[in-house]
Amino acid sequence: MTAAHWASWNANGKTLATLIERGAALELRNAYGGTVLGMVLYAVRHDDRKLSFVPVVEALCRAGAELNVIRTKTGNDVVDQLLLQYGAHFSS
């Protein structure tokens, strides 16, 4: 897991922004095969810490994270609309 994975998983937008500014690789895969965006979308679906992942998702989309890792909606209407706004396509 990279620092960008960690910052995203913990909804730490400030750290993620710094990492993005310094050229963090967003498409590197973690041990489960997830990109940084893929990992945060997993957190949106499954995490019960009540963190706000919206700013993190938006920062990743704005930074050009690959949206082809997205297959299904997250169940969070705000995140799903944001992903659609940046060009994601859900298969279901």
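A short tour of the structure in this document, coming up. Note that the coordinates shown come from a computational prediction; the quantities given were computed from them, not determined experimentally. (Residues numbered from 1 in each chain as written. Predicted model: local features only at pLDDT ≥ 70, side-chain atom pairs only at ≥ 80, totals over all residues. Heavy atoms only, no water.)

### Some words on the overall build of the chain
Right, on to step 1. Looking only at helices and strands, one finds 5 helices and 0 strands in the chain.
Right, on to step 2. Secondary structure elements of the chain, listed N to C terminal, follow the sequence α-α-α-α-α.
Right, on to step 3. A compact globule built from 92 residues would reach a C-alpha radius of gyration of about 12 Å, and the chain, at 12 Å, matches this within 12%.
Right, on to step 4. Relative to its 92 residues, the chain shows a buried fraction of 35%.
Right, on to step 5. Taking all contacts inside the chain whose residues are at least 6 apart in sequence as the whole, residues at least 24 apart take part in 56%.
Right, on to step 6. Just so you have it, the chain exposes about 5,500 Å², and 51% of that area is on carbon and sulfur atoms.
Right, on to step 7. The chain carries 9 positive and 8 negative side-chain charges, and their two centres are separated by 2 Å. (Helix = DSSP H or I, 4+ residues; strand = E, 2+ residues; numbered from the N terminus. Rg over C-alpha atoms; globule rule 2.2 N^0.38 Å. Buried < 20%, exposed > 50% of the residue type's maximum accessible area, 1.4 Å probe, protein only. Contact = heavy atoms within 4.5 Å. Areas by Shrake-Rupley, 256 points an atom, 1.4 Å probe, with all protein chains shown as cover. Lys, Arg positive; Asp, Glu negative; His and termini not counted. Charge placed at Lys NZ, Arg CZ, Asp CG, Glu CD.)

### Quick look at the nonpolar core
Right, on to step 1. Among the nonpolar cores identified, the biggest contains 23 residues, and Leu37, Val40, Leu41, Val57, Leu60, Ile70 and Leu83 are the most heavily contacted of them.
Right, on to step 2. Elements with a contribution of two residues or more to this core: helix H1 (3–9), helix H3 (36–46), helix H4 (54–62) and helix H5 (77–85).
Right, on to step 3. Among the elements that make up this core, the one with the highest residue count is H3 (6 residues).
Right, on to step 4. Non-local contacts of isoleucine 70, meaning those with residues more than four positions away in its chain, are made with Leu37, Leu41, Leu83, Ala88, His89 and Phe90. (Core = buried A, V, L, I, M, F, W, Y, C linked by side-chain atoms within 4.5 Å.)

### Here we look at the layout of surface pockets
Right, on to step 1. Size it by volume and the largest pocket reaches roughly 250 Å³.
Right, on to step 2. Forming the walls of the largest pocket are 15 residues, and the residues nearest its centre are Asn30, Gly34, Gly38, Met39 and Tyr42.
Right, on to step 3. Looking at the lining of the largest pocket element by element, the count peaks at 5 residues for H3. (1 Å grid on protein atoms, 1.4 Å probe; cavity = no way out; pocket = protein on both sides within 12 Å on 5 of 7 lines; lining within 4 Å. Points joined across faces, edges and corners; volume = space filled by probe spheres on them.)

### Considerations on the pattern of salt bridges
Any two side chains of opposite charge can pair, given that their charged atoms come close.
Right, on to step 1. The tally for this structure, following the rule as stated, stands at 2 salt bridges.
Right, on to step 2. We note a salt bridge from arginine 49 to aspartate 47, for which the minimum N-O separation is 2.8 Å. (Salt bridge = Lys/Arg side-chain N within 4 Å of Asp/Glu carboxyl O.)

### A look at the environment of threonine 15
Right, on to step 1. Looking at the element boundaries, threonine 15 is found in helix H2 (residues 13–21).
Right, on to step 2. Judged by its relative accessible area of 31%, threonine 15 falls in the partly exposed class.
Right, on to step 3. A sequence separation of 68 residues divides threonine 15 from leucine 83, and the C-alpha atoms of the two residues are 21 Å apart.

### Quick word on the packing of H4 against H5
Right, on to step 1. As a packed pair, H4 and H5 sit with axes 10 Å apart at the nearest point and diverge in direction by 10°. Between H4 and H5, the angle falls in the class roughly parallel. Of the residues in H5, those in contact with Val54, Val57, Glu58 and Cys61 of H4 are Val78, Val79, Leu82 and Leu83.
Right, on to step 2. A class-by-class count of the residues in the contact of H4 with H5 yields 7 nonpolar, no polar and 1 charged. (Axes fitted to C-alpha atoms, helices over the stretch in contact; angles between N-to-C directions. Parallel < 35°, antiparallel > 145°, perpendicular 65-115°, else oblique. Nonpolar A, V, L, I, M, F, W, Y, C, P; charged D, E, K, R; others polar.)

Read these as spatial facts, not as claims about activity.
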